[in-house]
Amino acid sequence: MENASLIGLSAQIALGRELDVVANNVANLNTNGFKAYSSLFEEYLSPVARANNFIGPDRRVSYVQDRATMLDLSQGPLQRTGNPLDVAIDGDAFFAVQTPQGERYTRNGVFQIDATGQLVTSDGYVVLGDAGPIVFQADDHDISINAQGTVSVLSGQNTLDAARGKLRLMSFAQPQRLQSDGSNTFTAPADVQATPASEKVRVVQGAIEKSNVRGVVEMTRLIEVSRAYTTMASLLQSESDLRKSAIQSLSEVPT
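What comes next concerns the included structure. None of these values were measured; they are calculated from a predicted model.

## Here's the deal with the nonpolar core
Next up, step 1: Judged by nonpolar contacts, the single largest core of 20 residues is most densely connected at Leu119, Leu167 and Leu169.
Next up, step 2: For this core, the secondary-structure elements that each account for two or more residues are strand 4 (87-90), strand 5 (94-99), strand 11 (140-145) and strand 12 (150-155).
Next up, step 3: For leucine 167, the contacting residues outside a window of four places in its chain are Val87, Phe95, Leu119, Val127, Leu128, Gly129, Asp130, Ile134, Ile145, Gly149, Val151 and Val203.
Next up, step 4: Among the nonpolar cores identified, the runner-up in size contains 15 residues, and Phe94, Ala96, Leu128 and Leu178 belong to it.

Right, here's the structure in full:
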């Protein structure tokens, strides 16, 4: 295959992957606590492919390579709901939850109480406190969660607050290395340790963090990537037609 076709193919592959990333962002525009992704590209200089009809450094043939996908951990907008079990994090931290696959981390603070009295996420994962799961009693009411994440209730006829635990808020020195694990949760690689969040992190009760995806920006990117892919397809088709025309012309027998 000629260098022009190889370069165009590498560009199409990269654009196709970027399209998947942008489409995933758009699909999660209204997902609570979702963090957007973006693609990183770099030039790859082939050590073998060369265009010797050019001079100097122009002889090297460079391809498009999608290097990585970057996680945007910027704070999403907070939306007041008034629900005492809705909790948002203001700062760089994550809620720790227990899933069938092990401990995971999320920014989605839409919580509820399951049939056993445990505080769980909307997906049914147990929300972890500093001393384990947070469990409520049947006669608990007036749930209060302060800025440090301490969960308090009034129980029965008591007029004094009773503590039910403290939300386990975790931070990471290298949060970009967190890996998406589905259901809007993240897992940490073995060499990335979770540490307790700093005192600057605050919890906001009665609010949820919305997705940090910027709808207008992502839709613009979606259009740009689609057009670039179509343009590259047209260029490759033109290159193919030119080669076909050249072969036909060279194969004609003079009369």
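## Examining the layout of surface pockets
Next up, step 1: One number sums up the size of the largest pocket: a volume of about 270 Å³.
Next up, step 2: Of the residues assigned to the lining of the largest pocket, the class counts are 7 nonpolar, 2 polar and 5 charged.
Next up, step 3: In this structure, the second largest pocket spans a volume of roughly 170 Å³.
Next up, step 4: Residue lining of the second largest pocket: Lys35, Leu73, Gly91, Asp92, Ala93, Phe94, Arg107, Ser171, Phe172 and Pro175, and that is the complete set.

## Thoughts on the packing of aromatic side chains
Next up, step 1: In this structure the tally under the stated criterion is 5 aromatic pairs.
Next up, step 2: With a centroid separation of 5.9 Å and an interplanar angle of 70°, the aromatic rings of phenylalanine 94 and phenylalanine 172 are classed as edge-to-face. Taken together, the residues span a long stretch of sequence, with phenylalanine 94 in strand 5 and phenylalanine 172 in strand 14 (residues 169-172) at a distance of 78 residues.
Next up, step 3: Plain terms: the ring middles of phenylalanine 94 and phenylalanine 186 are 5.9 Å apart, the flat faces sit at 70° to each other, and that makes the pair edge-to-face.

## Let's talk about unusual backbone geometry
Next up, step 1: Positive phi values are uncommon outside glycine, yet aspartate 142 reaches one of about 50°.
Next up, step 2: Position of aspartate 142 relative to the elements: it lies in strand 11.
Next up, step 3: Residue class for aspartate 142 comes out exposed when judged on its relative accessible area of 53%.
Next up, step 4: The backbone phi angle of serine 183 is positive, close to 55°, even though this residue is not glycine.
Next up, step 5: With respect to the helices, strands and loops of the structure, serine 183 is situated in the loop between strand 15 (179-180) and strand 16 (186-187).
Next up, step 6: Residue classification places serine 183 among the partly exposed positions, given a relative accessible area of 39%.

## Here we look at the pattern of salt bridges
Next up, step 1: Tallied over the entire structure, the rule returns 8 salt bridges.
Next up, step 2: Taking the shortest distance from any N to any O, the salt bridge between glutamate 209 and arginine 107 comes out at 2.8 Å. Within this pair, whereas glutamate 209 is found in strand 19 (residues 207-209), its partner arginine 107 is found in the loop between strand 6 (102-106) and strand 7 (111-113), the two being separated by 102 residues in sequence.
Next up, step 3: In this structure arginine 107 comes out as buried when scored by relative accessible area, which is 4%.
Next up, step 4: A salt bridge links arginine 221 to glutamate 218, with the shortest nitrogen-to-oxygen separation between them at 3.2 Å.

## A short note on the sheet that holds strand 12
Next up, step 1: Read across the open sheet, the 3 strands follow the order 11-12-13; overall the sheet is antiparallel. The strands lining the two open edges of the sheet, one partner per strand, are strand 11 and strand 13 (162-166). Neighbour-to-neighbour, the strand axes of the sheet open up by a mean angle of 25°, direction not taken into account.
Next up, step 2: Of the strand pairs in this sheet, strand 12 and strand 13 are connected by 4 bridges, and their pairing is antiparallel. Along strand 13, the bridge assignment pairs threonine 150 with lysine 166.

## Some words on the environment of glutamate 224
Next up, step 1: Counting through the fold element by element, glutamate 224 comes out in helix 2 (residues 215-251).
Next up, step 2: The spatial distance from the C-alpha of glutamate 224 to the C-alpha of leucine 19 is 9.6 Å, given a sequence separation of 205 residues.

## What to know about the side chain of threonine 185
Next up, step 1: Turning to its location among the elements, threonine 185 is positioned in the loop between strand 15 and strand 16.
Next up, step 2: Under the relative-accessibility criterion, threonine 185 is labelled buried at 3%.
Next up, step 3: A polar contact is formed between the side chain of threonine 185 and the backbone oxygen of glycine 182, at a distance of 2.7 Å.
Next up, step 4: For threonine 185, the contacting residues outside a window of four places in its chain are Arg104, Tyr105, Thr106, Tyr125, Gln179 and Ser180.

Procedures and definitions
Sequence order as written defines residue numbering, which begins from 1 separately in each chain. Local features in this predicted model are restricted to residues of pLDDT 70 or higher, and side-chain atom pairs are both shown and tallied only at a pLDDT of 80 or more, whereas totals for entire chains, interfaces and linings draw on every residue. To obtain the side-chain values, all non-hydrogen atoms of the structure were used and water was disregarded. Here, nonpolar core means buried Ala, Val, Leu, Ile, Met, Phe, Trp, Tyr and Cys residues that are tied together by side-chain atoms lying within 4.5 Å of each other. Accessibility here uses a 1.4 Å probe with only protein chains present; expressed as a share of the type maximum, an area under 20% marks a residue as buried, one over 50% as exposed, and anything in between as partly exposed. Helix numbering and strand numbering both begin at the N terminus, where a helix is a DSSP run of H or I of at least 4 residues and a strand a DSSP run of E of at least 2. Here a residue-residue contact requires only that any non-hydrogen atoms of the pair lie within 4.5 Å. Residues are said to line a cavity or pocket when one of their atoms sits within 4 Å of a point; the points come from a 1 Å grid over protein atoms alone, cavities being sets where a 1.4 Å probe fits but cannot get out and pockets being open sets with protein on both sides within 12 Å along at least five of seven lines. Grid points are joined across faces, edges and corners, and a volume is the space filled by probe spheres set on the points. Here the nonpolar group is Ala, Val, Leu, Ile, Met, Phe, Trp, Tyr, Cys and Pro; Asp, Glu, Lys and Arg are the charged ones; every other residue, Gly included, is treated as polar. A pair of Phe, Tyr and Trp rings is counted when the ring centres sit within 6.5 Å of each other, with Trp represented by its six-membered ring. The angle between the planes then sorts it: under 30 degrees is stacked, over 60 is edge-to-face, the rest tilted. Any carboxyl oxygen of Asp or Glu that lies within 4 Å of a side-chain nitrogen of Lys or Arg is treated as forming a salt bridge with it. Two strands pair under a simple rule: DSSP has to find at least two bridges between them. Only the stretch in contact is used when a helix axis is fitted, and all axes are lines through C-alpha atoms; the angle between N-to-C directions ranges over 0 to 180 degrees. By the criterion applied in these results, polar contacts are pairs of N or O atoms within 3.5 Å in which, for protein atoms, one can donate a hydrogen and the other can accept it, and in which residues neighboring in sequence qualify only through two side-chain atoms.

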